[in-house]
Amino acid sequence: GRPLLMLDTRNGFEVDAGRFAGAIDWRLERFGEFPAALAAHRAELAGKTVVSYCTGGIRCEKAALLMREQGVEHVLQLDGGILQYFQ
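Computed from a prediction, not measured in an experiment: that's the story for all the values here. (Residues numbered from 1 in each chain as written. Predicted model: local features only at pLDDT ≥ 70, side-chain atom pairs only at ≥ 80, totals over all residues. Heavy atoms only, no water.)

## Details of the pairing of strand β1 (residues 4-8)
Here is the rule we go by: At least two DSSP bridges between two strands are required for those strands to pair. Each helix is a run of DSSP H or I of at least 4 residues and each strand a run of E of at least 2, with the numbering of both proceeding from the N terminus.
Here β1 runs beside strand β3 (residues 49-53); their pairing, made up of 5 bridges, is parallel. Bridge pairing links M6 to V51 in β3. Sheet topology places β1 next to strand β2 (residues 24-25); 2 bridges connect them, and they run parallel. Bridge assignment links L7 to a residue of β2, and that residue is I24.

Now the structure itself:
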């Protein structure tokens, strides 16, 4: 019953190659920027179910953990990233 957001946790050049329609892109140059981007955009995630995705799964898992640690209650991830999704 909550709005759903897709959050692309990949680097900007990866996002430029293609993404899910309507996905949020914080234009990260590297994943190390994710915590600061999360702090800056946390309010837009409130009350929503956030599904993070990445290329192979590692960044999705890290992003989901960081979001939960920062109080984002409803966080999911695309298991195995886009590579697993394609399989």
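Following the structure, the description resumes.
## Remarks on the sheet that holds strand β4 (residues 74-77)
If you trace the 4 strands from one edge of the open sheet to the other, you get β2-β1-β3-β4, paired in parallel fashion. Looking at the sheet topology across the chains shown, the edges are occupied by β2 and β4.

## Details of the state of the cysteines
Rule in force here: Any cysteine sulfur atom paired with another within 2.5 Å is treated as part of a disulfide. Only protein chains enter the accessibility calculation, which uses a 1.4 Å probe; a residue whose area is less than 20% of its type maximum is buried, one above 50% is exposed, and one in between is partly exposed.
For the structure shown, the criterion picks out 1 disulfide. Two residues, C54 and C60, share a disulfide whose sulfurs are 2.2 Å apart. Residues C54 and C60 share a disulfide whose torsion about the S-S bond is about -105°; that sign makes it left-handed. Residue classification places C54 among the buried positions, given a relative accessible area of 1%. Residue C60 is classed as buried on the basis of its relative accessible area of 0%.

## Quick look at the nonpolar core
Which entries qualify depends on this criterion: Within this scheme, the nonpolar core is defined by two criteria: the residues are buried Ala, Val, Leu, Ile, Met, Phe, Trp, Tyr or Cys, and they are joined through side-chain atoms within 4.5 Å. By definition in these notes, contact holds between two residues if any of their heavy atoms fall within 4.5 Å.
In terms of nonpolar packing, the biggest core is built from 16 residues, with L7, W26, F34, L38, L45, M67 and V72 touching the most fellow members. Counting only elements with at least two residues in this core, the list comes to β1, α2 (34-45) and α3 (58-69). Broken down by element, this core gets its largest block of residues, 4 residues, from α2. Residues in contact with W26, not counting those within four places in the same chain, are L7, F34, A37, L38, H41, E44 and L45.

## Observations regarding the pairing of β4
The following threshold applies: Handedness of a crossover is defined as follows: orient the strands so they point away from the viewer, and if the path from the first strand over the helix to the second runs clockwise, the crossover is right-handed.
Here 4 bridges tie β3 to β4, and the two strands are oriented parallel to one another. Across the sheet, V50 pairs through a bridge with V75, a residue of β4. Handedness of the crossover joining β3 and β4 through α3: right-handed.

## Regarding unusual backbone geometry
Its identity is not glycine, yet R27 carries a phi of approximately 50°, on the positive side. Residue placement: R27 occurs in the loop between β2 and α2.

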